[in-house]
Amino acid sequence: MSSMNGSNISLSTQQSTSDTDFTLACPIPISDYPIVLMAHGSGGKLMHGLLEKLVLPTFSNPLLETRHDGAVFSAGNAKLAFSTDSYVVHPLFFPGGDIGTLAVNGTVNDLAMCGAKPLYLSAGFILEEGLPMDTLWRVIQSMQRAAEAAGVQIVTGDTKVVDRGKGDGIFINTAGVGVIEHNLTIAPSSVRPGDAVLLNGDIGRHGMAIMAVREGLAFESEIESDCAPLASSVLRLLDAGIEIHCLRDLTRGGLASGLVEIAESAGLHIQIDETAIPIIEDVRGACEILGLDPLYVANEGRFVAFVPADQADHARVIMGDDARLIGTVQDNSSNLVTMRSAIGANRIVDMLSGDQLPRIC
Amino acid sequence: MKYIDEYRDAKAAKKYAALIAHLVTQPWTLMEVCGGQTHAIVKYGVDELLPESITLLHGPGCPVCVTPVELIDKAVEISSRPDVIFTSFGDMLRVPGTRGDLLSSKAAGGDVRMVYSPLDALKIAQENPHKQVVFFAVGFETTAPANAMAVHQARQRQIENFSILVSHVLVPPAIEAILSSPGNRVQGFLAAGHVCAVVGYTEYEPLAKKYQVPFVVTGFEPVDILQGIYMVVKQLEEGRAEVENQYARCVRREGNLPAQQLVHDVFTIVPRKWRGIGQIPQSGLGLREEYARFDAEKRFGLTDYGVEESSACISGQVLQGMKKPHECPAFGKLCTPEHPLGATMVSTEGACAAYYRYRRPVEQPLITL
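Since the model is a prediction, treat every value here as computed from it, not as a measurement.

The rules behind the values
Residues numbered from 1 in each chain as written. Chains lettered and ligands numbered in written order. Predicted model: local features only at pLDDT ≥ 70, side-chain atom pairs only at ≥ 80, totals over all residues. Helix = DSSP H or I, 4+ residues; strand = E, 2+ residues; numbered from the N terminus. Rg over C-alpha atoms; globule rule 2.2 N^0.38 Å. Buried ≥ 20, exposed ≤ 12 C-beta atoms within 10 Å, placed from the backbone. Contact = placed C-beta atoms within 7 Å. Pairing = 2+ DSSP bridges. Domains from an automatic or database assignment. Axes fitted to C-alpha atoms, helices over the stretch in contact; angles between N-to-C directions. Core = buried A, V, L, I, M, F, W, Y, C linked by C-beta atoms within 7 Å. pLDDT = per-residue confidence, 0-100. Right-handed = clockwise from strand over helix to strand, strands pointing away.

Chemist: Can you lay out the overall build of chain A for me, pointing to particular residues and giving the numbers?
Modeler: From N to C terminus, chain A includes nine helices and 14 strands. Expected size for 361 residues packed as a compact globule is a radius of gyration near 21 Å; at 21 Å, chain A falls within 12% of this value. Once the C-alpha set of chain A is aligned to its principal axes, its extents read approximately 60 × 55 × 50 Å. Of all 361 residues assigned to chain A, the portion counted as buried reaches 46%. Excluding contacts between residues fewer than 6 apart, the proportion of contacts in chain A whose partners are at least 24 apart in sequence is 81%.

Structure, rendered in C-alpha cells:
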C-alpha cells in the first residue's frame, strides 16, 4: 500500500497510447483521470479499471481474484461466504424501498450469489449532522424488517457523524457472513458451453424508480423498485438439486454489465435474445423518454442463474412465474456477450465506461 | 409500447428487407445523416438485413461529434470558475477537450449539472441569482428551438445571470459540403426526421435537384430506417431524385413554423467549424446582436483557442462518408471510447463508438483503462 500513501504519488495526465503503457508499480497507473469521477462508481469499465489497476494487484490474494460477489472460504469444518457493500442513495426513500432495505438486501443478495445461506450482518452508519432523528428511526426500522424477511440478524455495527454538508444524510455499510451447505463451486469458472441463462424477472425497475423520483416523472402507475432478498430463491434451487454453475445479482450496470463480467471471467461467449428479456411497460417508457438503455439500468432484486440446459425448465419453475430463459452459453471462441436484436440481427452487448448519459436528441 | 413496438417489429423489418432485396439491381451507396439513425442501425443490426449491394455510410449528424474541441475547452474553462453553474445535456459531459472533460471539471470542484432541457438551466439561473448559469447549447436544428426559447425567456424575464455557450450547426450545408466534395460516394440520403420535424424539408428540394440525389426524410426506429432505405433505393432504381417523407407521423413539408420563427428571432446564420471536417460557410447558428449579452463566449471574454487534433484520427473522413470506422488503423486499438482520439469515438451516436460498442471484432479486449 505504500504506493498509495503520501507524497510519492505522482499522477500522469498524459493520454496513454496503448494499454501496455501501464505498469503496476508507482506512480498510480491511471492516465486520463488523475482524480476520482462519479463514473468510477458506476459499475462500468472505469470502475473495473480501478479494481484491476489499483485494488486487485495491491490486495492480491486467491479469494479476491475470484472476483465474485463475495469471498468463499473454509473456517474449521464450515464453508463460509463473506461480503460487504456500501449504500449511498438519493432520495433515501423511494417507491418500493429505502436505503435501509437496500443495505440489508444488497448484502444478503451478494451472499446468496455465492450460494450461501445468509446468517449475520454488520451495519456501519455514517450520519450527517442535522439528519432528522425520525429519518434515522425509519431507516433502522426498515432495516430490521428487511433482516427479518431475509432471515438474518444484524449483530454488530458502528456509528459515525460527519459535519453538515459532508454527507448526504445517511450512508450505510453492511457486511455479512453466510454458510454454504453444498459442494458446488458457484462461480464464473464453473460456467460451461451449453448452459442456460435464466433471469428471475423484469429488469430496470430499481434504477427507473429512483430516476422517476429525481426527475419528477409521473407515470400511469408508480414504478416501484424491485428491491428484494434473493437468498430464499437460490436456496430453493439448491434444495431441488439444481446444479447451479454461476449466479450474479444485477445491480449497478444492470443485466448487460453482469453478463459481460461473467463472459469475461469465464472466457466464454454468451448469446442472449432481446425479445426474451422482460421489461415492464412503464420502465420501457421511462427509458425511452430519458434516453437510457434498460439493459444497463440498476436492479436490486434481479439475478441471472447459469444452469445446465437439461435442468433449465425445472430451475425456471422454481425461480417463479416471472423467470425467463434469456440465452445460452456458447463456446470459447470469444468472451463477448452478443444479443439477437428485436429485428433478428446480432450485435455485441458491451459494458459502459461509466454512467449512462442521455443523448442530446 | 405503442408507437415503438410497431417500428421494432421483426416481421415488418423482414418484409422491408425482402422488398429492398427484390428491388435492387445494382450497388447503391446511401448515407444516413443523423447520429441517432447511425446508432439505431448498428444497435439493431439494420444493415445486416440488407443485401450486400447496399452500402450505408454514416453521416455528420452527431452533435457531440462535430462540436469543435476548442469549444469543449471553453466549456471546461467556464465550468471551473467558482461563480459558475455549468449545465449541459448528458452526453457532452464525457467529451474530452485538450484540457479534460466536464466530468473531470466537476470532480475537481466545478459545479457541473446535467439537465434535460435548457429551460431547466434557466430555472437554475432564477434560483441562483448570485451565480452565473451557463448552458452548453449544442446540436442541430432539433435542439435550436428549445435553446432559442431559453434565451428568449431570459431576455423577456430579465434573467441576466443566464448565458449559453453556442455551438449550433445546420444539416443542409453539411450535406452540400459532402455532395460537392470530389471524393463523394453518396448516391442517396436518409434525411434526419427530427431535424425535419422542426425545419421541414423544402431546403432539400434544391439539393436533390442540383445534385440529382434522392432524399427520404426518415425516422429512427429500425422499421422506419428500412422503409426509408426502401424508398431511397426505389427512387434510385427508377432514376428519380426527389424528396420524400417516410416520417409522416412527425414531419410536415413546411416543418414547425412557430419553432422556426423563434429560432429566426434569436439566432442568425454564421460560419461554423465542425470537428473533424473544418470550417463550413453558413453552417451554424449564432446569437443575434440583440441577444448577444447572453453569449457565454462574450460574457466570459474567451478568445479563440488554437487546438491540435490527433493526426492518427480519420474522423473527418468517417463523418463525410469516405471511410468506415473499422478502416481506421487506430480503431479499437489506439482509439476506444475510454481513450477517444477523435470526435466519432466520443459520443454513443458517433459512428466509431457505435461500431466499437456493437461491432467490435472479437479480439478486441473489453476492459481497457
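Chemist: I'd love a proper account of the pairing of strand β14 (residues 346-349) of chain A, names of residues and values included.
Modeler: All names here are of chain A. The sheet contact formed by strand β13 (residues 337-340) and β14 spans four bridges and is antiparallel. Across the sheet, the residue bridging to M339 is R347, located in β14. The loop that links β13 with its antiparallel partner β14 comprises five residues; one of these, G344, has a positive phi angle of about 90°.

Chemist: So what's going on with the domain arrangement of chain B? Residues and values would help.
Modeler: Residues and elements named next belong to chain B. On domain assignment, one finds that chain B holds domain 1 (1-310) and domain 2 (315-359). Each of domain 1 and domain 2 has a C-alpha centre, and these two points are 18 Å apart. Opposite the 28 residues of domain 1 that make contact, domain 2 presents 22 residues. Only α2 (35-44), β2 (54-61) and α3 (63-66) provide two or more residues apiece to the side of domain 1 that touches domain 2. Sorting elements by how many residues they give to the side of domain 1 that touches domain 2 places α2 first, with six residues.

Chemist: How would you sum up the interface of chain B and chain A? Please name residues and give values.
Modeler: If you look at the interface, chain B gives 44 residues, while chain A gives 41 residues. Mapped by element, the contributors of at least two residues to the side of chain B that touches chain A are α1 (10-23), α2, α3, α5 (102-107), β5 (132-139) and α15 (351-359) of chain B.

Chemist: Describe the sheet that holds β2 of chain B, and please don't skip the residues or the numbers.
Modeler: Strand pairing in a sheet is mediated by backbone hydrogen bonds. Such pairs are either parallel or antiparallel. Residues and elements named next belong to chain B. The strand order across the open sheet built from five strands is β2-β1-β7-β8-β9, with neighbouring strands paired in parallel fashion. Each of the sheet's edge strands pairs with one partner strand only, and the pair in question is β2 and β9 (243-245). Mean inter-strand twist for the sheet, computed between neighbouring axes without regard to direction, equals 25°. Relative to strand β7 (residues 188-192), strand β1 (residues 28-34) runs parallel, the two being bridged by three bridges.

Chemist: Quick rundown of the sheet that holds β14 of chain A? Include the residues and the values.
Modeler: Residue and element names in this part refer to chain A. Taken in spatial order, the seven strands make up an open sheet running β9-β11-β8-β12-β10-β13-β14, and their pairing is mixed. Looking at the sheet topology across the chains shown, the edges are occupied by β9 (246-249) and β14. Neighbour-to-neighbour, the strand axes of this sheet turn through a mean angle of 25°, independent of strand direction. Judged from the four bridges that link them, strand β8 (residues 196-199) and strand β12 (residues 324-329) form a sheet pairing that is antiparallel. Each residue of the ladder has a partner; that of L198, found in β12, is L325.

Chemist: I'd like to hear about the environment of A231 of chain A, residue by residue, with values.
Modeler: Residue and element names in this part refer to chain A. Structurally, A231 is set in helix α6 (residues 231-239). We classify A231 as buried; it has 21 C-beta atoms within 10 Å. Between the C-alpha atoms of A231 and N109, which are 122 residues apart in sequence, the distance is 6.2 Å. Those residues in contact with A231, other than ones at most four positions away along the chain, are V108, L111, A112, K117, P118 and A150.

Chemist: Go over the nonpolar core, please, and point to the residues and values.
Modeler: Formed by 221 residues in total, the largest nonpolar core has its most connected members in L259 and A305 of chain A together with L165, A191, L226 and I229 of chain B. Examining the composition of this core, we find that nine residues originate from one element, helix α11 (residues 222-238) of chain B, more than from any other. In this view, A305 of chain A contacts L198, L237, I244, L247, A315 and M319 of chain A; residues no more than four positions away in its chain are not counted.

Chemist: Now, about the confidence of the model for chain B: what can you tell me, with residues and values included?
Modeler: Residues and elements named next belong to chain B. Within chain B, residue pLDDT values average 91, and 96% of them lie at 70 or more. Here residues 362-369 is a poorly scored stretch, pLDDT under 50, and it has 18 contacts once near neighbours within four places are set aside; other chains count. Overall fold confidence (pTM) sits at 0.87, and the ipTM for the predicted complex is 0.85.

Chemist: Break down the environment of V349 of chain A for me, with residues and values.
Modeler: Residue and element names in this part refer to chain A. Position of V349 relative to the elements: it lies in strand β14. Residue classification places V349 among the buried positions, given that 24 C-beta atoms sit within 10 Å. Each C-alpha atom of the pair V349 and K79 lies 35 Å from the other, and the pair is 270 residues apart in sequence. Contacts of V349, omitting those with residues within four sequence positions, involve A256, L259, V260, L295, V337, T338 and M339.

Chemist: So what's going on with the pairing of β1 of chain B? Which residues, and what values?
Modeler: Along any regular strand the residues' side chains alternate between the sheet's two faces. Buried residues dominate β1 of chain B, accounting for six of its seven residues. With α2 of chain B bridging β1 of chain B and the parallel β2 of chain B, this β-α-β connection has right-handed handedness.

Chemist: Which residues make up unusual backbone geometry, and what are the values?
Modeler: Note the cis peptide between H90 of chain A and P91 of chain A, where omega equals 5°. The phi dihedral of Q158 of chain B falls on the positive side, at around 55°, and the residue is not glycine. Tracing the backbone shows Q158 of chain B in the loop between α7 (144-156) and β6 (162-169). Given 7 C-beta atoms within 10 Å, Q158 of chain B falls into the exposed group. A positive phi is found at Q282 of chain B, a non-glycine position, where the angle reads about 50°.

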